[in-house]
Each structure stands twice: as structure tokens, then as C-alpha cells.
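Remarks on the overall topology
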Amino acid sequence: MNFMEGLEITDVAALVAIAGTLGGSVYALSKYLVREQAHKVVDGELKRLNKSITELTQTIVRFGLQIDNLIKTQDEQHKLIDRHDKTIDDHSVRIARLEEHVKGE
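Residues numbered from 1 in each chain as written. Predicted model: local features only at pLDDT ≥ 70, side-chain atom pairs only at ≥ 80, totals over all residues. Heavy atoms only, no water.

Tallying secondary structure elements over the chain gives one helix and zero strands in all. Against the globule reference of 13 Å for 105 residues, the chain gives a C-alpha radius of gyration of 44 Å, more extended than a compact globule. Within the chain, the proportion of its 105 residues that are buried is 0%. (Helix = DSSP H or I, 4+ residues; strand = E, 2+ residues; numbered from the N terminus. Rg over C-alpha atoms; globule rule 2.2 N^0.38 Å. Buried < 20%, exposed > 50% of the residue type's maximum accessible area, 1.4 Å probe, protein only.)

Okay, structure coming up:
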């Protein structure tokens, strides 16, 4: 026995319409699920990108601090060199005076 026996043409048309509606609903639902999955993937990638940017920013800050320390160290070394140069100049003056004193005797 065929399940379609005894059905009116309007019944068959109604079944076809229902099947079409169900098919459209399944398509819309699958499209929605694919879109939702794509949003989840994009959200995950954005979170990873944000984490990478945060790590990069922290690295840049640390690098900047190291540069600041190098500049500070360089400035301190220049001051030390200047003090040594002054000391050498003072000693040179003293040596010159001693040489003049020795020549004068």
C-alpha cells in the first residue's frame, strides 16, 4: 500500500509545501550555525591577536626601560670620564709646576 493513496491533490500540495518549509528552515538553521561558528573562530582569533599585541606592548616597554638604563649608564660613564679628565688635568698642572720648580733651582 502506497502512503499517498487516498490523499487529495490539495493534501499532497500541502505536504510538498510543508516539506519545502522544513527544507528552508533546515537551510536557514545550517546557515546560522555556520555563521555562528565563523563568529566563534573570528572571536578566538581576535583574542589571540589581542594577547599578542599585549605581549608585544610589554616587550616594547621592557626594551624602552633597557634603553633608558643604557642611556643612564652612558651618562654616568661620561661624568666619570669627565672627572678623570679633570683629575688628569689637575695632575698635569701640578707636574708642570714641579717641573718649573725643578728647572728654577
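Further remarks concern the pattern of salt bridges. In the structure shown here, the tally under the stated rule is two salt bridges. With its nearest N and O atoms 3.3 Å apart, the salt bridge here joins Asp90 to Lys86. One end of the pair is Asp90 and the other is Lys86, both in helix α1 (residues 9-104) and four residues apart, which spans about a single turn. Judged by relative accessible area, which is 31%, Asp90 ranks as partly exposed. (Salt bridge = Lys/Arg side-chain N within 4 Å of Asp/Glu carboxyl O.)

Among the surface-exposed residues, Val42, Leu46, Leu49 and Ile53 lie close enough to one another that they form a single nonpolar patch of about 360 Å² accessible area. On the accessibility criterion, Val42 (46% relative accessible area) is partly exposed. (Patch = residues over 30% accessible without salt bridge, like charges linked within 9 Å, V, L, I, M, F, W, Y side chains within 5 Å. Areas by Shrake-Rupley, 256 points an atom, 1.4 Å probe, with all protein chains shown as cover.)

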